[in-house]
Structure formats: structure tokens, C-alpha cells
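Letter by letter, the chains look like this.
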Amino acid sequence: MESKNLELITLGGGCFWCTEAVLLEVKGVEKVVSGYSGGNAPGKPTYREICSGLTGHAEVIQVSFDPGVISLHDLLIIFMTTHDPTTLNRQGADIGTQYRSVIFYHDQNQKEVAEGVLSEMSSYYEIPVVTELSPLKIFYEAEEYHQDYYRNNQSQGYCNFVITPKLAKLRKIHADKLKSAI
């Protein structure tokens, strides 16, 4: 029987629509909420403010997962291999600090696991990993239309050309960690 002792981690891998779609397919992931974190601008930011790059916030997802089903280590390996952690403030055509690769840890254990994964991943890539590792200070939930974006907008161009290939990569390299064979 699953433990259902859920843990929370906050991750940014460029566009939150992409990271949300990827991690929703992983066994043990119970919920994913798109949002913003990592900046210093006062008050709850809007998507338009985030897109300006002036808030310091990144597009992130907050992942509720069952560590009895998927370890934080394995979840972070999936995260690190389904976006490009070697490009500073950029994922594909999305450019700016709001698209940075970042792990916001919630406690000391998460920090230590993330440090281990970042070290492990440094040998996986030919160029340096630039993923930021920072304590979570605040998380702002994104507007409703950003939630479950891929599932609700699969025919949209961005979904077809950017997210669908990421999902194909996920299914190829992490098939054993997915909720269902697709």
C-alpha cells in the first residue's frame, strides 16, 4: 500500500507548462501546481510581470509527490534530464531569468539530495550544469489558465512543437518511472 506521506519540491526548468506536463506523467507525483518563485518583487506577480523579466521570479512548478513511490533523487534525475540544465537563463527560444533552471529546496534533506544529483549530473553533460539551488522563500500560484496547460491545450502550436517532444524524450528514457505505458 502506498504511504501517501506527500513531500513538496519546487522546480523551474524553463516554461512551467513543459515541466508540469512532464512530471504529471511520473509515478508517485500526485499534484503539480504552476507558479512563480525566486524573486524579490513585492506582492503576488502576474504572468505579464513575470514575462518582463523584472521581478526576479522564475516560472516554477510545485510538485507533490509520494517518496514511497518515487524518491526525490529519481524525481530530480527525471527533471534534470528532461530540460537543459546547462543553459543559463534559457530553455530553447525562451530567454530570461524567468526561464532559469532552478531547484528550490524546502528543507536540509532536499538540499543535500539536490546537491548530490547536481554533482551526479555534472558528469552526464559535456558542459557545466548551471542549475541554481536555493531555499524556497515564497511560492505564488500562477493564474488558473496556466494550470494543467498541456492537457487543456494539446493542439496549440507551442504544445505540439515544444512540449510533445519533451514528453517523447521522457517516455523514451524514463519509461519505467511513468504512471502508464503510453
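Quick note: structure is the one above.
Draft legend 1. Local environment of helix α6 (residues 157-173). Between its first and last C-alpha atoms α6 spans 24 Å; for 17 residues at 1.5 Å apiece the expected length is 24 Å, and the two agree. Considering bend angle alone, the principal kink of α6 is centred on Ile-163 and spans about 35°; proline Pro-165 follows within four residues of it. Among the residues of α6, those classed as buried are Cys-159, Ile-163, Lys-166, Leu-167 and Leu-170. Among the residues of α6, the N-terminal cap falls to Gln-156, whose side-chain oxygen and the backbone nitrogen of Tyr-158 are separated by 3.0 Å.

Draft legend 2. Here's a closer look at the packing of helix α3 (residues 72-81) against helix α4 (residues 108-122). One way to put it is that α3 packs onto α4 with a least axis distance of 10 Å and a crossing angle of 45°. With respect to α4, the axis of α3 lies oblique. In terms of crossing hand, the pair formed by α3 and α4 is right-handed. Residues Leu-72, His-73, Leu-76, Ile-77, Met-80 and Thr-81 of α3 form the contact with α4, whose own contacting residues are Gln-110, Val-113, Ala-114, Val-117, Leu-118, Glu-120 and Met-121. By residue class, the composition of the contact of α3 with α4 is 9 nonpolar, 3 polar and 1 charged.

Draft legend 3. Quick peek at the pairing of strand β7 (residues 132-135). Note that strand β6 (residues 101-105) and β7 share 4 bridges and pair parallel. Across the sheet, Tyr-105 pairs through a bridge with Pro-135, a residue of β7. Note that the unit made of β6, α4 and β7 has a crossover that is right-handed.

Draft legend 4. Main features of the packing of aromatic side chains. The tally for this structure, following the rule as stated, stands at 5 aromatic pairs. Relative to Tyr-149, the ring of Trp-17 has its centre 3.6 Å away and its plane inclined at 5°; by these criteria the two rings are stacked. One end of the pair, Trp-17, is in helix α1 (residues 16-23); the other, Tyr-149, is in helix α5 (residues 149-152), with 132 residues separating them in the sequence. Exposure remark for Trp-17: the relative accessible area of 11% places this residue in the buried category. Note on Tyr-149: relative accessible area 9%, which makes it buried. Their ring planes at 75° and their centres at 4.9 Å tell us that Tyr-124 and Tyr-125 sit as a pair that is edge-to-face. Take Tyr-125: its relative accessible area is 18%, and that puts it in the buried class. Each residue in the set Phe-16, Tyr-36 and Tyr-47 is aromatic and connected to the rest through ring pairs, giving one cluster.

Draft legend 5. Representation of the pattern of salt bridges in the model. Enumeration over the complete set of coordinates arrives at 5 salt bridges. Its salt-bridge partner being Arg-171, residue Glu-25 comes within 2.6 Å of it at the nearest N-O pair. Of the two residues, Glu-25 sits in the loop between α1 and β2 (29-37) while Arg-171 sits in helix α6, which places them 146 residues apart along the sequence. For Glu-25, a relative accessible area of 14% translates into the label buried. Where salt bridges share partners, they join Asp-74, Asp-176 and Lys-177 into one cluster.

The rules behind each value
- Position numbers for residues count from 1 along each chain, tracking the sequence in the order it is written.
- In keeping with the model being predicted, local features are shown solely for residues with a pLDDT of at least 70 and side-chain atom pairs are shown and tallied solely at 80 or more, while totals for entire chains, interfaces and linings include all residues.
- With hydrogens and water stripped out, all remaining heavy atoms of the structure feed into the side-chain values.
- Helix and strand assignments follow DSSP, with helices taken as H or I runs no shorter than four residues and strands as E runs no shorter than two, numbered in order from the N terminus.
- To estimate the expected span of a helix, count its residues, drop one, and scale the result by 1.5 Å.
- Note that the bend at a residue is defined as the angle between axes fitted to the seven residues ending at it and the seven residues starting at it.
- Relative accessibility under 20% of the residue-type maximum defines a buried residue, over 50% an exposed one, and the middle range a partly exposed one, all with a 1.4 Å probe and only protein chains included.
- Polar contacts, as used here, are pairs of N or O atoms within 3.5 Å; protein pairs need one atom able to donate a hydrogen and one able to accept it. Residues neighboring in sequence count only if both atoms are side-chain atoms.
- Between N-to-C directions, angles span 0 to 180 degrees; the directions come from axes that are lines fitted to C-alpha atoms, helices contributing only their stretch in contact.
- Angle categories: roughly parallel below 35 degrees, roughly antiparallel above 145, roughly perpendicular from 65 to 115, and oblique for all the rest.
- Crossings are assigned a handedness: left-handed for a near helix turned anticlockwise from the far helix by less than a right angle, right-handed for a clockwise turn.
- Contact criterion: two residues are considered in contact whenever any of their non-hydrogen atoms come within 4.5 Å of each other.
- Ten residue types, Ala, Val, Leu, Ile, Met, Phe, Trp, Tyr, Cys and Pro, are classed as nonpolar, four, Asp, Glu, Lys and Arg, as charged, and the remainder, Gly among them, as polar.
- In this analysis, strands are considered paired if DSSP registers two or more bridges between them.
- The handedness rule is simple: strands pointing away from the viewer, and a clockwise path from the first strand over the helix to the second, make the crossover right-handed.
- Put simply, two rings from Phe, Tyr or Trp (the six-membered ring, in Trp's case) pair if the centres are within 6.5 Å, and we call them stacked under 30 degrees between planes, edge-to-face over 60, tilted for the rest.
- Each salt bridge in this description consists of a side-chain nitrogen of Lys or Arg and a carboxyl oxygen of Asp or Glu lying within 4 Å of one another.

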